[in-house]
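# Tertiary structure, described
One letter stands for each residue in the lines below.
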Amino acid sequence: MREWKLLFTINRDGVSMQTFYANIKNRDNTLLAFKDEHDHIFGAFCCEKWKISNTFYGRGESFVFSFGTEEDIKVFGWSEKQEKF
């Protein structure tokens, strides 16, 4: 099992997408997590290495998730209806 490492946070790194991409470039198996103004948490698990691309890329192991204040987590995986992520 891998050790968790914080690659980017707005509190430390600011809000620049350029900094975000620089910090996560070529990293795989990453977890994005966000909290909105209503305390809902949502995000994604990305298994592919991050890169800037003009096309879609990814694999079926990636997924998005959300959960609210009641901690009922919802996971939205690959529907297998298309191959573009």
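It should be emphasised that the depicted structure is a prediction, and the values quoted were computed from it without experimental measurement. (Residues numbered from 1 in each chain as written. Predicted model: local features only at pLDDT ≥ 70, side-chain atom pairs only at ≥ 80, totals over all residues. Heavy atoms only, no water.)

## Examining the confidence of the model for the chain
- Summing up the model confidence of the chain, the mean pLDDT is 86 and the portion of residues at 70 or higher is 91%.
- Per-element mean pLDDT across the chain ranges from 84 in strand E4 (residues 74-76) up to 95 in helix H1 (residues 10-13). (pLDDT = per-residue confidence, 0-100. Helix = DSSP H or I, 4+ residues; strand = E, 2+ residues; numbered from the N terminus.)

## Describing unusual backbone geometry
- Phi angles above zero are rare outside glycine, and asparagine 26 is one such case at about 65°.
- Locating asparagine 26 in the fold gives a position in the loop between helix H2 (17-24) and strand E1 (30-35).
- In the Ramachandran plot, aspartate 39 falls in the positive-phi region, its phi being about 65° despite a non-glycine side chain.
- By the element assignment, aspartate 39 lies in the loop between E1 and strand E2 (41-46).

## Some points on the nonpolar core
- If you look at the biggest cluster of nonpolar residues, it comprises 8 residues: Leu7, Phe8, Phe20, Ile24, Leu32, Ala44, Cys46 and Trp50.
- Those elements giving two or more residues to this core turn out to be H2 and E2. (Core = buried A, V, L, I, M, F, W, Y, C linked by side-chain atoms within 4.5 Å. Buried < 20%, exposed > 50% of the residue type's maximum accessible area, 1.4 Å probe, protein only.)

## What about the environment of isoleucine 24?
- Tracing the backbone through its elements, the reader meets isoleucine 24 in helix H2.
- Residues isoleucine 24 and lysine 51, spaced 27 residues apart in sequence, show a C-alpha to C-alpha distance of 8.5 Å.
- The contacts of isoleucine 24, once residues within four sequence positions are left out, are Leu7 and Trp50. (Contact = heavy atoms within 4.5 Å.)

## Some words on the sheet that holds strand E3 (residues 63-67)
- Read from one edge of the open sheet, 4 strands run E1-E2-E3-E4, paired in antiparallel fashion. What marks the edges here is a single partner per strand, and that holds for E1 and E4. Averaged over neighbouring strand pairs, the angle between their axes works out to 15° when direction is ignored.
- With 3 bridges connecting them, E3 and E4 associate as antiparallel partners. Bridging across to E4, phenylalanine 65 finds its partner in valine 75. (Pairing = 2+ DSSP bridges. Axes fitted to C-alpha atoms, helices over the stretch in contact; angles between N-to-C directions.)

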